[in-house]
Amino acid sequence: MNIYQDYINEIEERKTQGLHPKPIDGAELLGEIIAQIKDTANVHREDSLKFFIYNTLPGTTSAAGVKARFLKEIILGESVVAEISPAFAFELLSHMKGGPSIEVLLDLALGDDLSIAKSAAEVLKTQVFLYDADTDRLKEAFKNGNEIAKDILESYAKAEFFTKLPELPEEIQVVTYIAGEGDISTDLLSPGNQAHSRSDRELHGQCMITPKAQQEIRALQAEHPGKSVMLIAEKGTMGVGSSRMSGVNNVALWTGRQASPYVPFVNIAPIVGGTNGISPIFLTTVDVTGGIGIDLKNWVKKVDADGNVVRNENGDPVLEEVYSVATGTVLTINTQTKKLYNGEKELIDISKALTPQKKEFIRAGGSYAIVFGKKIQTVAAKILGIEPTPVFAPSKEISNEGQGLTAVEKIFNKNAVGVTPGKVLHAGSDVRVEVNIVGSQDTTGLMTAQELESMAATVISPIVDGAYQSGCHTASVWDKKAQANIPKLMKFMNDFGLITARDPKGEYHSMTDVIHKVLNDITVDEWAIIIGGDSHTRMSKGVAFGADSGTVALALATGEASMPIPESVKVTFKGSMKEHMDFRDVVHATQAQMLQQFGGENVFQGRIIEVHIGTLPADQAFTFTDWTAEMKAKASICISEDDTLIESLEIAKNRIQIMIDKGMDNHKQVLQGLINKADKRIAEIKSGEKPALAPDANAKYYAEVVIDLDAIVEPMIADPDVNNKDVSKRYTHDTIRPISYYGDDKKVDLGFVGSCMVHKGDLKIVSQMLKNLEEQQGKVEFHAPLVVAAPTYNIIEELKTEGDWDVLQKYSGFEFDDNAPKVAARTEYENMMYLERPGCNLCMGNQEKAAKGDTVMATSTRLFQGRVVEDSERKKGESLLASTPVVVLSAILGRIPSMDEYKAAVVGIDLTKFAPPVKALSR
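The model shown is predicted, which means the values in this text are computed figures rather than measured ones.

A. Spotlight on the overall build of the protein chain. Each helix and strand in the protein chain was counted, giving 31 helices and 33 strands. Rg of the C-alpha trace for the protein chain: 28 Å, near the compact-globule value of 29 Å for 923 residues, within the 12% margin. Along the longest, intermediate and shortest principal axes, the C-alpha atoms of the protein chain span 90 × 70 × 65 Å. Going through the 923 residues of the protein chain one by one, you find that 61% of them count as buried. Excluding contacts between residues fewer than 6 apart, the proportion of contacts in the protein chain whose partners are at least 24 apart in sequence is 73%. Charge centroids of the protein chain, computed over 98 positive and 126 negative side chains, lie 2 Å from each other.

The following block contains the structure:
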């Protein structure tokens with residue numbers, strides 16, 4: 001049986017699932033298809049032509065290389081295919097984006113046949129995904145007097161690849177579809193439990209929202225031909241929770257348009273809206289796909305005659321509708337006036353969705369084309385020795401004289417490229433910045449690899465200090481899906497230049513450490529910018545942005561990212577922590593007190609939280625920065641005292657050294673380079689040459705929040721409030737309650753200590769609590785299962801050295817075994833403690849899950865519907881989020897503890913404490 005027949009068999013199998021043939025990315029299969037095309041008598045020739053033309057992936061896939069070379073043969077007359085003329089062959093090459101297609105086009109453009117060279121040049125002028133090797137060829141030919149090379153370079157310098165694109169239509173008509181009330185998590189658009197299918201775009205598209213919703217969208221399209229369906233989060237924010245490109249891909253697949261007739265299942269131009277706008281991370285993915293994200297503001301707080309906000313019996317603001325976006329409403333987006341209309345009636349100004357830069361993304365079909373276009377224009381002009389023609393919207397540069405800089409403004413000013421020399425930039429400026437650290441996680445990594453292939457990138461940018469590919473999201477179950485996908489991903493990323501959790505050669509022990517923890521360790525400069533393929537890319541050193549798989553790919557390929565400098569909210573603390581409280585309670589109280597101080601307005605949303613943590617080392621401070629994703633912040637920055645930062649950098653150095661000792665460094669000695677940078681930074685701090693990053697005393701903030709530690713007297717729980725009568729209030733992270741709210745009859749079915757929100761201290765707390773309870777009660781008996789997953793192997797090794805792992809083993813009924821990892825997800829739990837492999841585990845929701853309808857008490861961050869626990873017919877599943885001691889005690893009791901029970905259980909235990917800095921952390 002040949003490989004083509006295997007493909008046909010796969011096609012027949014996919015038909016049973018209602019799927020089309022899978023796009024071809026392999027050279028061997030396409031080679032066989034080409035052989036059948038050349039054989040005019042072959043029975044499979046007609047289908048082979050269709051597969052070749054319409055179903056082959058572009059970029060740097062091995063299939064793309066074979067396709068480009070065959071098209072070159074056709075253009076040169078070496079092969080004759082009646083259905084593919086030389087002109088059509090050039091057309092197909094123009095849709096292949098880069099890599100092999102650019103190589104072929106340059107061969108033809110710089111060749112001896114002038115007619116062919118001119119045709120190839122016209123196609124090249126439309127292409128932007130060129131790299132150094134490509135521009136070097138043009139540069140060399142130009143220096144040697146080649147007129148075709150000169151013509152191409154002059155076109156690039158004028159940015160004709162952009163200026164010759166069709167202008168944006170003045171009006172875009174949309175028909176609304178309310179995808180849900182309240183905040184819409186990207187889990188609704190691309191469920192975590194379907195992560196394995198993300199790289200198969202058509203298959204993954206079937207999981208968006210529900211089959212019923214998909215039918216309703218199709219019905220709207222049939223009823224309103226020519227109009228785009230706009231997905232809406234009514235009374236909420238669209239795209240919260242995860243930086244998931246697959247979510248936008250699914251929206252585009254169902255509501256957008258095909259990017260190219262010759263590339264299957266790659267759609268662009270999705271249009272989304274939310275009463276409270278679009279999550280910052282999700283909005284980036286909308287830009288990547290040339291879409292539009294609108295802050296609708298169609299519900300506002302009701303006010304009385306005196307201008308005071310009217311509140312309901314729960315103290316929440318009462319909302320009133322300004323205008324309707326009910327499903328089926330036809331609206332008009334005017335790209336000239338930048339207004340949203342219903343017929344002739346103006347509804348709202350949408351200028352923020354149609355900035356000059358965003359309009360360029362929309363016109364070009366996505367932000368990548370603009371990023372690469374600007375780069376190729378600059379390179380071409382430099383080769384020609386001329387200034388590039390002003391074409392693109394200039395970078396927005398805002399400088400307020402006499403105003404100091406916040407911490408994020410300082411970092412952006414240090415890392416900005418292409419801005420006016422010497423100009424000091426403040427929030428609102430739109431800039432390109434160099435990226436220092438990049439992280440790719442395993443369930444989005446396959447998509448990142450596809451994005452790198454599609455933009456023809458083959459090696460990591462030399463300006464990136466370090467990059468890491470994790471294996472944490474598929475750590476808990478080494479099933480057939482993981483076995484098929486993860487080794488392939490690790491090899492691709494290792495070859496690309498990343499440090500990888502798994503060694504493709506099998507020479508070092510696989511490391512399933514949580515990506516955020518690893519990135520937190522390998523960030524060795526608090527002035528760094530970090531981009532990571534997960535919303536919880538929130539480091540306690542530097543400023544980190546969770547990003548979609550495409551933005552991660554762009555950062556890996558170019559070492560750059562583009563974004564406005566965000567506004568900041570300053571968070572400081574007063575008072576002192578109670579002995580029985582844990583720092584996780586401070587984290588939750590920060591959110592609760594902020595909402596209380598600002599009348600229910602979330603001033604953190606879309607902004608940087610500049611937290612003056614001062615005295616808390618990186619591991620513990622990460623608990624705060626990690627949670628800022630749930631505060632809907634764009635990112636966060638920790639302001640540390642000098643000694644604390646040095647302590648954190650020393651810890652980071654030790655952990656990087658362990659990675660080196662395991663054999664994880666590559667031939668460029670990236671990890672050793674990070675240690676060297678850490679040593680340099682420590683020396684700068686100690687000498688006073690460059691103290692720890694701090695804002696200026698006269699920096700300007702959007703808001704300032706002061707957290708009163710004295711007011712935190714009870715452990716705090718983030719509650720999804722699954723039965724709230726107001727649907728829009730469910731599954732947010734804003735409902736923070738003290739444990740006394742629940743009494744002593746709130747049953748807990750499962751406890752989970754793990755994921756990125758815990759550090760070594762949390763695992764020591766588990767150990768100490770178990771010893772405490774045995775001393776008090778004579779034995780430890782679990783009335784609910786307790787799942788414990790350390791975030792990293794380093795932590796387990798440290799716990800073994802310090803004796804705590806022995807204690808955990810003593811009380812556990814299951815311990816992970818790397819030599820025989822689970823091959824199937826656990827479906828039933830016993831009332832005992834499970835010591836699971838380091839990684840995301842229950843928090844990710846794609847492998848392990850609680851039983852349907854369970855009430856879970858967890859240290860993690862995920863409380864979205866269906867993530868950690870799905871609903872059953874009898875009751876809704878709920879994921880309550882709390883500190884480690886609350887989770888452990890809840891599992892032992894099988895219910896939420898009373899204050900007396902809690903205090904007794906934590907007596908003498910070294911909880912994660914925090915004392916605010918004595919002096920202000922500004923300069």
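Now that the structure has been shown, we can carry on.
B. How the structure looks around the sheet that holds strand β1 (residues 171-181). Across the sheet, which stays open at both edges, the seven strands sit in the order β8-β7-β3-β1-β11-β12-β13 with mixed pairing between neighbours. Sheet topology places β8 (292-295) and β13 (345-349) at the edges, where each strand pairs with a single neighbour. The sheet shows a mean angle of 30 degrees between the axes of neighbouring strands, direction not considered. As paired strands, strand β3 (residues 228-234) and strand β7 (residues 271-274) are joined by four bridges and run parallel to one another. By the bridge assignment for β7, I232 is matched with G273.

C. Layout of helix α30 (residues 884-893). Among the 10 residues in α30, nine count as buried, and that is most of the element. For α30, every residue scored as buried is listed here: T884, P885, V886, V887, V888, L889, S890, A891 and I892. Close packing links the buried residues of α30 with β26 (716-718), β28 (750-754), α27 (760-777), β29 (786-789), β32 (855-858) and α31 (899-905). Phi for G894, located one or two positions after α30, is positive at around 75 degrees.

D. Inspection of the pattern of salt bridges at higher detail. Within the structure shown, the criterion is met by 52 salt bridges. Between K653 and D679 there is a salt bridge whose closest N-O contact spans 2.6 Å. Pair noted here: K653 is in helix α25 (residues 642-662) and D679 is in helix α26 (residues 670-687), with a separation of 26 residues, a long-range link.

E. Expanded view of the sheet that holds strand β21 (residues 560-564). Taking strand neighbours across the sheet as the criterion, the three strands line up as β14-β15-β21 in an open arrangement whose pairing is antiparallel. Strands at the two margins of the open sheet, each flanked by one partner only, are β14 (416-417) and β21. For β14 and strand β15 (residues 430-434), the ladder comprises two bridges, and the chain directions are antiparallel. Counterpart to V417 in the pairing with β15 is R432.

F. Structural context of the pairing of strand β19 (residues 529-532). Covered by surrounding structure in β19 are I529 and I531 together with I530 and G532, the residues of both alternating faces. The pairing of strand β16 (residues 437-440) with β19 spans three bridges and is parallel. Note that in β19 the partner of I437 across the bridge is I530. For β19 and strand β20 (residues 543-546), the ladder comprises four bridges, and the chain directions are parallel. Looking across to β20, one finds that I529 is bridged to V543.

G. Quick peek at the nonpolar core. Core analysis: the biggest nonpolar cluster contains 114 residues, and F52, I84 and M455 have the highest contact counts within it. Sort the elements by how many residues they give to this core and helix α17 (residues 367-384) lands first, with 10 residues. Excluding residues within four positions of it along the chain, M455 makes contact with F129, Y131, Y368, F372, G550, A553, L554 and A557. Counting 85 residues, the second largest nonpolar core, distinct from the first, contains Y468, M659, V780 and M844.

H. Just helix α19 (residues 442-454), in detail. The terminal C-alpha atoms of α19, which comprises 13 residues, lie 19 Å apart, in line with the 18 Å expected from a rise of 1.5 Å per residue. With 11 of 13 residues buried, α19 is to be regarded as a mostly interior element. A456 lies just past α19 and shows a positive phi near 60 degrees.

I. Region of the structure containing the packing of aromatic side chains. A full pass over the atoms with the stated rule returns 19 aromatic pairs. Ring centres of F492 and F496 lie 6.2 Å apart, and the angle between their planes is 10 degrees; this geometry places the pair in the stacked category. One end of the pair is F492 and the other is F496, both in helix α20 (residues 480-496) and four residues apart, which spans about a single turn. Take F492: its relative accessible area is 22%, and that puts it in the partly exposed class. Connected via pairs of aromatic rings, a cluster forms that spans Y156, F161, F162 and F392. If you follow K67 out to its NZ or CZ, it ends over the ring of F52, 5.3 Å from the centre. Directly above the aromatic system of W527 lies the positively charged group of K690, at a separation of 4.8 Å from the ring centroid.

J. Molecular detail of the environment of K339. Relative to the helices and strands, K339 is located in strand β12 (residues 339-342). By relative accessible area, which is 19% here, K339 ends up buried. Counting along the chain gives 11 residues from K339 to I350, while the straight-line C-alpha distance between them is 5.3 Å. When near neighbours in sequence (up to four residues on either side) are disregarded, K339 contacts T332, I333, N334, E346, I348, D349 and I350. There is a polar contact of 3.5 Å between the side chain of K339 and the side chain of E346.

K. Highlighting the packing of helix α1 (residues 3-15) against helix α2 (residues 27-38). Running from N to C, α1 and α2 cross one another at 100 degrees; their axes reach a closest spacing of 9 Å. Our classification of the angle between α1 and α2 gives roughly perpendicular. Across the interface between the two elements, I3, Y4 and Y7 of α1 pack against E28, L29, E32, I33 and Q36 of α2. Broken down by class, the residue content of the contact of α1 with α2 amounts to five nonpolar, one polar and two charged.

L. Fine view of the pairing of β1. Bridge count between β1 and strand β11 (residues 330-334): five bridges; the pairing is antiparallel. Within β11, the residue paired with I172 across the bridge is I333. With seven bridges joining them, β1 and β3 adopt parallel strand pairing. The residue bridging Y177 from the neighbouring strand is L231, located in β3.

M. Structural context of the state of the cysteines. Per the stated rule, a full pass over the model turns up zero disulfides. The thiol of C756 is unpaired, and the distance to the nearest cysteine sulfur, on C843, comes to 5.8 Å. By relative accessible area, C756 is classed as buried at 5%.

The rules behind the values
- Residues numbered from 1 in each chain as written.
- Predicted model: local features only at pLDDT ≥ 70, side-chain atom pairs only at ≥ 80, totals over all residues.
- Heavy atoms only, no water.
- Helix = DSSP H or I, 4+ residues; strand = E, 2+ residues; numbered from the N terminus.
- Rg over C-alpha atoms; globule rule 2.2 N^0.38 Å.
- Buried < 20%, exposed > 50% of the residue type's maximum accessible area, 1.4 Å probe, protein only.
- Contact = heavy atoms within 4.5 Å.
- Lys, Arg positive; Asp, Glu negative; His and termini not counted.
- Charge placed at Lys NZ, Arg CZ, Asp CG, Glu CD.
- Pairing = 2+ DSSP bridges.
- Axes fitted to C-alpha atoms, helices over the stretch in contact; angles between N-to-C directions.
- Salt bridge = Lys/Arg side-chain N within 4 Å of Asp/Glu carboxyl O.
- Core = buried A, V, L, I, M, F, W, Y, C linked by side-chain atoms within 4.5 Å.
- Expected span 1.5 Å × (residues − 1).
- Phe/Tyr/Trp six-rings, centres within 6.5 Å; stacked < 30°, edge-to-face > 60°.
- Lys NZ or Arg CZ within 6 Å of the ring centre and 35° of its normal.
- Polar contact = N/O pair within 3.5 Å; in protein donor to acceptor, adjacent residues only side chain to side chain.
- Parallel < 35°, antiparallel > 145°, perpendicular 65-115°, else oblique.
- Nonpolar A, V, L, I, M, F, W, Y, C, P; charged D, E, K, R; others polar.
- Disulfide = S-S within 2.5 Å.

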